[in-house]
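Working through the structure, step by step
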Amino acid sequence: MVSMRKYVWEGIGWIGAVFALLAFSLNSLNFISSQSVQYLGMQIFGCLLMALYAASKKAHASWVLNAIFLLVAIIALIRVYMMN
């Protein structure tokens, strides 16, 4: 049988993907700005969850890429707060 742990990690990965895709879609359709707290927050949350999921699968390229996206989003969020 497949353990519950596998389903939890799969859920984490899918939730992260939904948040990142939602942020991208809302930005692309001009509902939110790429410099908004909402966009950056969704990206941070999504990338964090996808990086955790990828690390659990030992998918090194994927978790490194998502960790870099996460770092960029955090830096952008800090810049947004510093400009206000």
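We now turn to the structure provided with this report. (Residues numbered from 1 in each chain as written. Predicted model: local features only at pLDDT ≥ 70, side-chain atom pairs only at ≥ 80, totals over all residues. Heavy atoms only, no water.)

Of regular secondary structure, the chain possesses 3 helices and 0 strands. Traced from its N-terminal end to its C-terminal end, the chain shows the element sequence α-α-α. Dimensions of the chain, computed from the C-alpha atoms along their principal axes, are close to 50 × 25 × 20 Å. Counting contacts in the chain only where the partners sit at least 6 residues apart, residues at least 24 apart contribute 52% of the total. Surface exposure of the chain reaches about 6000 Å², of which carbon and sulfur atoms provide 74%. (Helix = DSSP H or I, 4+ residues; strand = E, 2+ residues; numbered from the N terminus. Contact = heavy atoms within 4.5 Å. Areas by Shrake-Rupley, 256 points an atom, 1.4 Å probe, with all protein chains shown as cover.)

Attention shifts here to helix H3 (residues 60-83). For H3, built from 24 residues, the straight-helix expectation of 34 Å at 1.5 Å per residue is met to within 8% by its first-to-last C-alpha distance of 35 Å. Turning to H3, its buried residues number three or more, namely Asn66, Leu70, Ala73, Ala76, Leu77 and Val80. Where H3 is buried, its residues contact helix H2 (37-56). (Expected span 1.5 Å × (residues − 1). Buried < 20%, exposed > 50% of the residue type's maximum accessible area, 1.4 Å probe, protein only.)

Honestly, it's all geometry; don't read function into it.
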